[in-house]
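What follows is each chain in one-letter form.
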Amino acid sequence: MISTKGRYALRLLVDLSMHESENYIPLRDISKRQGISEKYMEIIIKDLVKHKLIKGLRGKGGGYKLTRTPSDYTVGEILESVGEQLAPVACLLSDAEPCNRKNSCPTIAMWEKYNTITHDYFYGITLADLT
């Protein structure tokens, strides 16, 4: 299940995408439009800045803006940047320890196929598609 943090990160980036012709967008403006508290958005923004999906400017005229064009962002990338795990089972996580049962697991093929479908779906949708 995608958490509130993941859903709000998408909303935040969609908002920035829809207002990309403007310079830096103040956090309070995004917060007001999206109905999300500024305090919670600050937590999300830290991850987005860390992963270079957005950049910020302090002071007068400051705020946040995208670092790339909306078509260069995927939903999968955005979700994973805020800690969402798209893999359906722990053994398919990118940082998972090798599973000693993988060769004899009767369900691994099903999980791998589901993982591929999910990955391809979320990585096939761009921010531009959502706006």
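Here, the structure is the one placed above.
Residues numbered from 1 in each chain as written. Predicted model: local features only at pLDDT ≥ 70, side-chain atom pairs only at ≥ 80, totals over all residues. Heavy atoms only, no water.

Concerning helix α2 (residues 27-34)
Since there are 3.6 residues in each turn of an α-helix, residues three or four apart along the chain are aligned in direction. When α2 is considered as a whole, its buried residues turn out to be Leu27, Ile30 and Ser31. Projected onto a plane normal to the axis of α2, the buried residues spread over an arc of 100° and lie on a single side. Counted as exposed and oriented over 90 degrees from the buried face of α2: Arg28 and Lys32. On its buried face, α2 is in contact with α1 (4-18), α3 (38-50) and β2 (63-66). (Buried < 20%, exposed > 50% of the residue type's maximum accessible area, 1.4 Å probe, protein only. Helix = DSSP H or I, 4+ residues; strand = E, 2+ residues; numbered from the N terminus. Arc of directions from axis to C-beta. Contact = heavy atoms within 4.5 Å.)

Things to note about the state of the cysteines
Throughout the structure, instances matching the rule amount to zero disulfides. Of all cysteine sulfurs, the one in Cys91 lies closest to Cys105, which takes part in no disulfide; the gap is 6.6 Å. Taking the relative accessible area as the measure of exposure, Cys105 reaches 23% and is therefore partly exposed. (Disulfide = S-S within 2.5 Å.)

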